[in-house]
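Spelled out, the chains give:
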Amino acid sequence: MVRVSGPRPVCYLNGNYLPLEAAKVSPFDRAFLFGDAVYEVVPVYAARPFRLRQHLDRLNRSLDAIRMPPPLTHGDWAHLCQELISQNSAFDGILYMQVTRGAEFGRNHAWPDGLKPTLFGYFTELDPLPVALIDTGVSAITAKEIRWERRDIKSTALLANILLKKLAADAGAFETVLLERGELTEGSSTTVHIVREGTIYTPPNSQHILPGTTRDVVTELADLLSIRSISARVSESALRAADEIWLAFSSRGVLPVTKLDGAAVGNGAPGPVFKRMHIAFANYIRELGTTPSL
Ligand SMILES: Cc1ncc(COP(=O)(O)O)c(C=O)c1O
């Protein structure tokens with residue numbers, strides 16, 4: 001069977017499952033006018049959402065931070081995800097879920113009370129990751145952090161992130177790694193880990209980075225593998241001197257960065273700690289396979 005990546009035909013919008021092309025949202029929706037919305041991206045392996053509880057917990061934290069009550073319970077979301085998977089005969093890919101503050105006429109910066117949130121979800125397949133990427137790694141560039149002070153909120157207002165990602169694309173690189181006052185924050189759409197003398201380091205969760213769900217998987221698996229992992233500030237010089245650099249993100253798990261700003265990372269090939277983590281990650285996905293998603 002030839003797999004075609006891209007959004008699958010049935011989406012969810014405000015209580016209904018309908019064809020993607022029939023999904024319509026008002027231009028007065030505050031997500032359209034202000035980026036006034038939050039979202040989640042949940043990986044799906046073998047028709048099962050991965051770490052769904054953690055994603056939904058983060059969604060509720062994002063909602064709370066923008067002063068919106070949760071529109072659905074975790075159980076409701078789990079049902080919605082399962083419906084999108086089954087109605088699309090989905091297997092591997094990602095679920096996207098978005099909650100906006102809703103539509104109102106007037107374009108008021110300070111929103112009025114009583115708006116009805118807009119809920120949207122869809123499933124998409126991803127292009128298969130070329131196996132060679134795991135063998136050779138990807139390249140990244142660095143750039144100055146230009147985003148706002150609440151990067152812990154998974155907001156759809158991603159203008160800075162997309163501009164930063166485009167810098168990487170322009171340079172033929174995979175990701176832009178961000179530096180602020182001489183320290184690593186994260187990638188434009190990834191968490192960054194480095195390895196130095198066998199220990200994994202990643203910046204601590206704070207308002208300066210998105211608390212990555214894949215980051216937590218890496219930390220848990222490092223514990224299981226008895227690899228020391230430390231949540232601590234990473235200076236630019238530590239980043240540039242790292243033996244290994246990894247990107248962690250829901251849609252691809254962990255990926256090795258073997259070139260940073262044109263210079264080889266370590267010996268220029270994915271390192272031994274990455275290789276162990278990559279195998280452990282794949283095993284973990286398999287082990288979860290038959291367990292309930294919540
Ligand atoms: C800015 C940013 N940081 C980190 C991540 C990684 O988060 P997760 O592992 O939950 O996908 C993402 C994912 O989209 C992101 O956009």
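What you see is a predicted model, and the numbers here were worked out from it, not measured in a lab.

Reading the values: rules and limits
Residues numbered from 1 in each chain as written. Predicted model: local features only at pLDDT ≥ 70, side-chain atom pairs only at ≥ 80, totals over all residues. Heavy atoms only, no water. Near = heavy atom within 4 Å. Polar contact = N/O pair within 3.5 Å; in protein donor to acceptor, adjacent residues only side chain to side chain. Areas by Shrake-Rupley, 256 points an atom, 1.4 Å probe, with all protein chains shown as cover. Helix = DSSP H or I, 4+ residues; strand = E, 2+ residues; numbered from the N terminus. Nonpolar A, V, L, I, M, F, W, Y, C, P; charged D, E, K, R; others polar. Expected span 1.5 Å × (residues − 1). Buried < 20%, exposed > 50% of the residue type's maximum accessible area, 1.4 Å probe, protein only. Arc of directions from axis to C-beta. Contact = heavy atoms within 4.5 Å. Axes fitted to C-alpha atoms, helices over the stretch in contact; angles between N-to-C directions. Parallel < 35°, antiparallel > 145°, perpendicular 65-115°, else oblique. Left-handed = near helix turned anticlockwise from the far one by under 90°. Domains from an automatic or database assignment. Buried area = accessible area lost by both parts, 1.4 Å probe. Salt bridge = Lys/Arg side-chain N within 4 Å of Asp/Glu carboxyl O.

S.K.: Report on the site of the ligand, specifying residues and quantitative values.
M.R.: Neighbouring residues of the ligand: 17 residues in total, closest R58, E186, T213, T214 and S250. Note that an oxygen atom of the ligand is positioned 3.1 Å from one of the side-chain N or O atoms of K154. Between the ligand and E186, the relevant distance is 2.7 Å, taken from a nitrogen atom to a side-chain nitrogen or oxygen of the residue. In the complex, 92% of the free accessible area of the ligand, which totals 390 Å², lies under the protein chains. Those elements that provide at least two residues to the shell around the ligand are β10 (183–187), α6 (213–224) and β14 (244–249). The class makeup of the residues in the shell around the ligand is three nonpolar, 10 polar and four charged.

S.K.: So what's going on with helix α2 (residues 52–65)? Which residues, and what values?
M.R.: Here α2 is 14 residues long and its end C-alpha atoms lie 20 Å apart, about the 20 Å a rise of 1.5 Å per residue gives. Among all positions of α2, only L52, H55, L56, R58, L59, S62 and L63 are buried. For α2, the angular spread of buried residues about the axis comes to 160°, placing them on one side. As for α2, its buried residues are in contact with β4 (37–45), β5 (48–49), α3 (74–87), β6 (93–100) and α6. Following α2 by one or two positions, R67 adopts a phi angle in the positive range, close to 65°.

S.K.: A description of the packing of α2 against α3 should follow, citing residues and the corresponding values.
M.R.: Contact geometry of α2 with α3 gives a least axis separation of 11 Å together with a crossing angle of 120°. By the angle between their directions, the pair α2 and α3 is classed as oblique. Considering how the two elements wind past one another, α2 and α3 form a crossing that is right-handed. Listed contacts from α3 to L52, R53, L56, D57, L59 and N60 of α2 are H74, W77, A78 and C81. Considered class by class, the residues forming the contact of α2 with α3 number six nonpolar, two polar and two charged.

S.K.: Explain the domain arrangement of the protein to me, using residue names and the numbers behind them.
M.R.: On domain assignment, one finds that the protein holds domain 1 (6–125) and domain 2 (131–287). Once you take the C-alpha centre of each, domain 1 and domain 2 turn out to be 26 Å apart. In this complex, domain 1 contributes 20 residues to the contact, which on the side of domain 2 involves 20 residues. Summing both partners gives a buried area of about 1600 Å² for domain 1 against domain 2, and 61% of it is carried by carbon and sulfur. Broken down residue by residue, the surface that domain 1 buries against domain 2 is led by Y39, R51 and R58, which jointly contribute 39%. Scanning the region where domain 1 abuts domain 2 turns up one salt bridge. Across the salt bridge formed by E220 and R51, the nearest N and O atoms sit 2.9 Å from each other. Here domain 1 and domain 2 share seven residue pairs in polar contact (both at pLDDT 80 or more) between them.

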